[in-house]
Amino acid sequence: VQLVESGGGLVQAGGSLRLSCAASGRTFRTMGWFRQAPGKEHEFVAAIIWSGGGTRYADSVKGRFTISRDNAKNTVNLQMDSLKPEDTAVYYCAAREYISASYSAPSFDLWGQGTQVTVSS
């Protein structure tokens with residue numbers, strides 16, 4: 001079982017990018033996105049409950065980012081609009097077997113390899 005991210009890149013401030021995460025072999029009850037900027041800890045970005053589609057966002061991205069799932073492809077997407085230079089980071093897809101009110105990084109069991117997002121000013 002693995003998570004494979006795609007869709008990162010370089011974009012100017014105000015632009016958009018779409019990240020995708022393909023989960024091979026199975027589905028998970030909760031899937032999410034985290035990011036890590038140089039010298040910083042993993043930061044929660046967004047999460048989605050696979051059954052029901054409930055979502056949760058960090059305040060810093062609320063209204064700009066949208067997380068969604070594609071049941072047929074077993075993928076989770078992160079649409080990022082109105083990007084800012086402070087959104088620059090390596091973005092990681094993560095998954096766990098359960099639903100919880102906590103969205104801390106240690107609460108997620110499986111991680112992808114990460115994809116770089118760079119927003120220029």
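In what follows, the accompanying structure is described. (Residues numbered from 1 in each chain as written. Predicted model: local features only at pLDDT ≥ 70, side-chain atom pairs only at ≥ 80, totals over all residues. Heavy atoms only, no water.)

**Things to note about unusual backbone geometry**
- We note that N74 has phi near 55°; this positive angle belongs to a residue other than glycine.
- Relative to the elements of secondary structure, N74 occurs in the loop between β7 (65–70) and β8 (75–80).
- Backbone geometry places S82, a non-glycine residue, at a positive phi of 50°.
- Within the fold, S82 resides in the loop between β8 and β9 (89–96). (Helix = DSSP H or I, 4+ residues; strand = E, 2+ residues; numbered from the N terminus.)

**Considering the nonpolar core**
- Counting residues in hydrophobic clusters, the biggest one holds 36 residues, and the most contacted among them are M31, W33, L78, M80 and Y91.
- Those elements that provide at least two residues to this core are β3 (17–24), β4 (30–36), β5 (43–49), β7, β8, β9 and β11 (115–120).
- When residues of this core are assigned to their parent elements, the largest contribution, six residues, is made by β5.
- Sequence-distant contacts of L78, defined by excluding residues within four places in its chain, comprise L17, R18, L19, W33, V45, A46, F65, T66, I67 and Y91. (Core = buried A, V, L, I, M, F, W, Y, C linked by side-chain atoms within 4.5 Å. Buried < 20%, exposed > 50% of the residue type's maximum accessible area, 1.4 Å probe, protein only. Contact = heavy atoms within 4.5 Å.)

**Concerning the sheet that holds strand β1 (residues 2–6)**
- The four strands are arranged β1-β3-β8-β7 in an open sheet whose pairing can be described as antiparallel. One side of each edge strand has no neighbouring strand; the edge strands of this open sheet are β1 and β7. The average angle at which neighbouring strand axes cross in this sheet is 15°, direction not considered. (Pairing = 2+ DSSP bridges. Axes fitted to C-alpha atoms, helices over the stretch in contact; angles between N-to-C directions.)

**Topic: the pattern of salt bridges**
- Taken as a whole, this structure holds five salt bridges when the rule is applied.
- The salt bridge partner of E43 is R35, with a shortest N-O separation of 2.8 Å.
- In this structure E43 comes out as partly exposed when scored by relative accessible area, which is 32%.
- K62 is the partner of D59 in a salt bridge, and the nearest nitrogen-oxygen pair spans 3.1 Å.
- For D59, a relative accessible area of 66% corresponds to the exposed category.
- The network of salt bridges with shared partners includes R35, E43, R64 and D87. (Salt bridge = Lys/Arg side-chain N within 4 Å of Asp/Glu carboxyl O.)

Interpretation in functional terms is not warranted from these geometric data alone.
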